[in-house]
Amino acid sequence: MKIIASNFKTNHTRKTTREFVEDLDNYIKDNEVKNDVFIFPSATALDNFDTQSNLNIGAQNGYFVKNGSFTGEIGSDQIDEFGIKTILIGHSERRHIIHESQNEIAKKFNFYKALGYTIIYCVGEPLSVKEQGITQTLGYIFEQLNGIDLEYEKLIVAYEPVWAIGTGVVATAEDIAVIHKKLKKKITKPILYGGSVKPENLDEILKIDNVDGTLIGTSSWDVESFKKMIDITKNNS
Ligand code: PGA
């Protein structure tokens with residue numbers, strides 16, 4: 001069954017996140033959705049949500065400590081408080097805007113792995129690398145797997161080309177198929193695609209070989225749009 005995940009990024013308040021989660025939870029129950037659905041709200045909106053067992057709430061980020069003196073960061077104590085056991089690591093905005101290094105990303109991975117978290121781990125190349133060709137692109141992506149245990153049972157990988165994130169430019173079916181096939185040779189875990197996924201292109205993307213689901217930003221922030229995409233996901237085997 002395909003997976004669908006929504007990354008809220010820096011959107012939605014505590015109030016609108018709660019409304020979104022409650023609305024979605026009812027939708028999942030009423031429509032007997034069995035797919036795994038993930039929502040990653042902002043840190044300020046994390047809470048104890050009473051949801052269907054397949055509606056998982058995750059943290060967008062967490063520092064590799066339980067607690068301590070790391071101003072502005074959150075540690076696992078603060079995530080655990082809400083019974084949250086899912087985290088997004090290595091997202092391109094953290095790599096390229098916040099400038100997290102592969103070393104820090106691997107530290108986060110290993111820290112949250114030791115705590116048994118489900119980890120959605122993101123990789124993807126910027127446009128300048130894509131333009132150098134497939135060998136360079138794969139080399140770049142494989143470097144983003146340095147220090148990551150690809151056998152970890154609760155690992156889900158997301159391939160998100162940087163040039164397709166939030167730009168409205170979606171990778172072609174061929175672009176996606178080529179990378180997912182190569183990744184599948186290395187990784188036996190589910191591999192999601194992310195980057196300008198929307199209701200209009202989701203069905204086509206889910207039908208590409210080796211695509212096990214999607215990680216969606218912009219078009220998932222409106223609950224009606226996200227419900228539409230859950231429905232499309234439900235109808236893909
Ligand atoms: P987008 O974001 O759907 O807005 O392109 C995807 C992501 O960053 O996960």
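Residues numbered from 1 in each chain as written. Predicted model: local features only at pLDDT ≥ 70, side-chain atom pairs only at ≥ 80, totals over all residues. Heavy atoms only, no water.

Colleague: Pulling in residues and values, what's your account of the overall build of the chain?
Modeller: A count of helices and strands for the chain gives nine helices and eight strands. Taken against the 2.2 N^0.38 rule, which gives 18 Å for 237 residues, the C-alpha radius of gyration of the chain at 17 Å falls within 12% of a compact globule. Dimensions of the chain, computed from the C-alpha atoms along their principal axes, are close to 45 × 45 × 30 Å. Counting all 237 residues of the chain, 53% fall into the buried class. Within the chain, contacts between residues at least 6 apart in sequence are counted, and of these 72% link residues at least 24 apart. (Helix = DSSP H or I, 4+ residues; strand = E, 2+ residues; numbered from the N terminus. Rg over C-alpha atoms; globule rule 2.2 N^0.38 Å. Buried < 20%, exposed > 50% of the residue type's maximum accessible area, 1.4 Å probe, protein only. Contact = heavy atoms within 4.5 Å.)

Colleague: Give me the lowdown on unusual backbone geometry, citing residues and values where you can.
Modeller: A positive phi angle, close to 50 degrees, is found at Glu 32, a residue other than glycine. With respect to the helices and strands, Glu 32 occurs in the loop between helix H1 (14–30) and strand S2 (37–40). A relative accessible area of 57% means that Glu 32 is categorised as exposed.

Colleague: Account for the sheet that holds strand S3 (residues 55–57), naming residues and giving values.
Modeller: Across the sheet, eight strands lie side by side as S3-S2-S1-S8-S7-S6-S5-S4; this open sheet has parallel pairing. Taken across any chain shown, the strands that pair with only one partner, and hence form the sheet edges, are S3 and strand S4 (86–89). For this sheet the average axis-to-axis angle between neighbouring strands, irrespective of direction, equals 20 degrees. Pairing between S4 and strand S5 (residues 118–123): four bridges, direction parallel. Residue pairing for S5: Thr 86 is matched across the bridge by Thr 118. (Pairing = 2+ DSSP bridges. Axes fitted to C-alpha atoms, helices over the stretch in contact; angles between N-to-C directions.)

Colleague: I'd like a description of the pairing of strand S7 (residues 191–194), backed by residues and values.
Modeller: Side-chain direction in a regular strand flips from residue to residue, so the side chains alternate between the two faces of the sheet. Residues Ile 191 and Tyr 193 line one face of S7 and the alternating positions Leu 192 and Gly 194 line the opposite face, and both faces are buried. Where strand S6 (residues 155–159) meets S7, three bridges bridge the pair, whose relative direction is parallel. Bridged to Tyr 159 within S7 is Tyr 193. Running through helix H7 (residues 173–186), the crossover from S6 to the neighbouring parallel element S7 is right-handed. Bridge count between S7 and strand S8 (residues 213–216): three bridges; the pairing is parallel. Across the sheet, Tyr 193 pairs through a bridge with Thr 214, a residue of S8. (Right-handed = clockwise from strand over helix to strand, strands pointing away.)

Colleague: Help me get a handle on the packing of H1 against helix H9 (residues 223–234), residues and values and all.
Modeller: With their axes 11 Å apart at the nearest point, H1 and H9 run at an angle of 30 degrees to one another. Classified by the angle their axes make, H1 and H9 are roughly parallel. As for how H1 packs across H9, the hand of that crossing is right-handed. In this structure, H1 contributes Phe 20, Asp 23, Leu 24 and Tyr 27 to the contact, and H9 contributes Val 223, Glu 224, Phe 226, Lys 227, Ile 230 and Asp 231. In terms of residue class, the contact of H1 with H9 is built from six nonpolar, no polar and four charged. (Parallel < 35°, antiparallel > 145°, perpendicular 65-115°, else oblique. Left-handed = near helix turned anticlockwise from the far one by under 90°. Nonpolar A, V, L, I, M, F, W, Y, C, P; charged D, E, K, R; others polar.)

Colleague: Break down the nonpolar core for me, citing the residues and quoting the values.
Modeller: By size, the foremost hydrophobic cluster in this structure holds 62 residues, and its most contacted members are Leu 24, Val 37, Ile 119, Tyr 121 and Tyr 193. Grouped together as the second largest cluster of nonpolar side chains are eleven residues, Ile 3, Phe 38, Phe 40 and Ile 156 included. (Core = buried A, V, L, I, M, F, W, Y, C linked by side-chain atoms within 4.5 Å.)

Colleague: An account of the pattern of salt bridges is requested, with residue identities and associated values reported.
Modeller: In this structure the tally under the stated criterion is 15 salt bridges. The shortest N-O distance in the salt bridge between Glu 93 and Lys 9 comes to 2.8 Å. Of this pair, Glu 93 sits in helix H3 (residues 92–96) while Lys 9 sits in the loop between strand S1 (3–7) and H1, and the two are 84 residues apart along the sequence. For Lys 9, a relative accessible area of 15% puts it in the buried group. Arg 94 serves as the salt-bridge partner of Glu 100, at 2.6 Å between the closest nitrogen and oxygen. Across the pair, Arg 94 and Glu 100 agree in class, each one buried. Through salt bridges with shared partners, a single ionic network connects Arg 14, Arg 18, Glu 22 and Asp 47. (Salt bridge = Lys/Arg side-chain N within 4 Å of Asp/Glu carboxyl O.)

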